[in-house]
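Structural features, examined
In case you want the letters, here they are:
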Amino acid sequence: MNTKNLQKKQAAEAAMQYIQSDMIVGLGTGSTVAYFLEALAQSEHRIIGVTTSKLTSQRCAELNIPIVDIDEVDHIDVTVDGADEVDTYLNGIKGGGAALLMEKIVAKNSRENIWIVDSSKVHDTLGSFPLPVEVIPYGSGQLIRQFADKGLFPKLRRRPDDNQPVITDAGHYIIDCHMQTINNPYALAEYFESQVGVVEHGLFLNVCDRVIIGGETLQIQSRQQSQTI
Ligand SMILES: O=C[C@H](O)[C@H](O)[C@H](O)COP(=O)(O)O
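1. Remarks on the sheet that holds strand β7 (residues 131-135)
If you trace the four strands from one edge of the open sheet to the other, you get β8-β9-β7-β10, paired in antiparallel fashion. Both outer strands of the open sheet, β8 (154-156) and β10 (198-201), are each paired with one neighbouring strand and no more. Averaged over all neighbouring strand pairs, the angle between strand axes comes to 30 degrees, with direction disregarded. Two elements, β7 and β10, share three bridges in a ladder whose sense is antiparallel. Bridge pairing in β10 places V135 opposite V198. Packed on one face of the sheet, helix α5 (residues 140-149) meets β7, β8, β9 (173-177) and β10 and runs near 10 degrees to β9. Contacts from helix α6 (residues 185-193) reach β7, β9 and β10 within the one sheet, and its direction differs from that of β10 by about 160 degrees.

Right under this line is the structure:
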């Protein structure tokens, strides 16, 4: 296993300390969450999962992790998810796996949000990872033009195999904005939220309560404190 994957696994396994039986647990999407699902399936804890993508639902079925629809629960105790980039304020970029919409819905309905990442994803300023924006297909070309005019360097996400647009679980397109540096994520989030045709963006601001960072020393940072193990 390469270093990145070792760190992802390490962070995922460390997240198990925040899980107890009978919890309703939001289950994120991606390669880091895949390690968390394995740890969850091997543990004694009996939880009920609320998933954030078809991919995660499929993996839960394979691992015999029980899941319910988000509208069947009255709360979610904790959500464990990956992230594409995290800054020092615990704000982040998500959506590299095109699951940002459901991830944000689950996160916003969770009492606590924990992110599990490898150390390469932590940066002082967001933007080195292209920011995904989920849009309605109709008029998406117009949005790409507007984003380009605003200097956001947009690019429609396409599947590498056949060059067709990536379609999200909810039937939308993804426009990735290659800005390199996001100086004011709050203003940018407000801009996207005011655009007709934008369904959601991958800026997750004031969402994460705790980030677990794999590395030579495992780091756990919360809004209140940080800890090195
Ligand atoms: O849409 C996907 C999600 O936001 C993922 O949580 C994010 O892309 C991180 O994925 P990975 O753990 O594979 O790096």
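2. A word on the site of the ligand
Neighbouring the ligand are 17 residues; S31, T32, D84, E103 and K121 lie closest to it. In this structure, G82 approaches the ligand through a main-chain N or O atom, which is 3.4 Å from an oxygen atom. K94 places a side-chain nitrogen or oxygen 3.0 Å from an oxygen atom of the ligand. When the ligand is considered free in solution it has 380 Å² of accessible area, and contact with the protein chains removes 91% of it. For the shell around the ligand, the class distribution of residues is three nonpolar, eight polar and six charged.

3. Focus: the confidence of the model for the chain
On average, residues of the chain carry a pLDDT of 97, and 97% of them reach 70 or more. Taken over the whole predicted complex, pTM reads 0.96, whereas the ipTM for its chain interfaces reads 0.98.

4. Observations concerning the packing of helix α2 (residues 31-42) against helix α3 (residues 54-63)
Where α2 meets α3, the axes come as close as 10 Å, and the angle between the chain directions of the two elements is 30 degrees. By the angle between their axes, α2 is roughly parallel relative to α3. When the axes of α2 and α3 are compared, the crossing they make is right-handed. Contacts between α2 and α3 pair L37, E38 and A41 from the former with T56, R59, C60 and L63 from the latter.

5. Here's the deal with the packing of aromatic side chains
Note on aromatic pairs: each is described by the distance of the centres and the angle between the planes. This structure, assessed with the given rule, holds four aromatic pairs. With a centroid separation of 6.3 Å and 65 degrees between ring planes, the pair formed by W115 and F204 is classed as edge-to-face. Of this pair, W115 sits in strand β6 (residues 110-118) while F204 is found in strand β11 (residues 203-204), placing the two residues 89 residues apart along the sequence. Since its relative accessible area comes to 1%, F204 is described here as buried.

6. A few points about the nonpolar core
Core analysis: the biggest nonpolar cluster contains 26 residues, and I19, L27, F36, L40, I116 and I212 have the highest contact counts within it. Those elements that provide at least two residues to this core are α1 (3-14), β1 (24-27), α2, β3 (76-81) and β6. Element by element, the count of residues in this core is highest for α2, at six residues. Those residues in contact with L40, other than ones at most four positions away along the chain, are M16, I19, L27, I47 and I65. The next biggest cluster of nonpolar side chains, apart from the first, holds 21 residues, and it includes L131, Y173, M179 and A189.

7. Focus: the pairing of strand β13 (residues 219-222)
Across four bridges, the pairing between strand β12 (residues 210-214) and β13 is antiparallel. Each bridged residue has a counterpart across the sheet, and for V211 the counterpart in β13 is Q221. Here β12 hands over to β13 after four residues, the two strands then running antiparallel side by side.

8. A closer look at the domain arrangement of the chain
Along its sequence, the chain is carved into domain 1 (3-119 + 205-216) and domain 2 (131-199). Contacts between domain 1 and domain 2 engage 14 residues on the former and 15 residues on the latter. Buried surface at the junction of domain 1 and domain 2, both sides included, amounts to about 1,100 Å², of which 65% is carbon and sulfur. Inspection of the domain 1/domain 2 interface yields zero salt bridges. Put simply, domain 1 and domain 2 have five residue pairs in polar contact (both at pLDDT 80 or more) between them.

Thresholds applied
- Residues numbered from 1 in each chain as written.
- Predicted model: local features only at pLDDT ≥ 70, side-chain atom pairs only at ≥ 80, totals over all residues.
- Heavy atoms only, no water.
- Pairing = 2+ DSSP bridges.
- Helix = DSSP H or I, 4+ residues; strand = E, 2+ residues; numbered from the N terminus.
- Axes fitted to C-alpha atoms, helices over the stretch in contact; angles between N-to-C directions.
- Contact = heavy atoms within 4.5 Å.
- Near = heavy atom within 4 Å.
- Polar contact = N/O pair within 3.5 Å; in protein donor to acceptor, adjacent residues only side chain to side chain.
- Areas by Shrake-Rupley, 256 points an atom, 1.4 Å probe, with all protein chains shown as cover.
- Nonpolar A, V, L, I, M, F, W, Y, C, P; charged D, E, K, R; others polar.
- pLDDT = per-residue confidence, 0-100.
- Parallel < 35°, antiparallel > 145°, perpendicular 65-115°, else oblique.
- Left-handed = near helix turned anticlockwise from the far one by under 90°.
- Phe/Tyr/Trp six-rings, centres within 6.5 Å; stacked < 30°, edge-to-face > 60°.
- Buried < 20%, exposed > 50% of the residue type's maximum accessible area, 1.4 Å probe, protein only.
- Core = buried A, V, L, I, M, F, W, Y, C linked by side-chain atoms within 4.5 Å.
- Domains from an automatic or database assignment.
- Buried area = accessible area lost by both parts, 1.4 Å probe.
- Salt bridge = Lys/Arg side-chain N within 4 Å of Asp/Glu carboxyl O.

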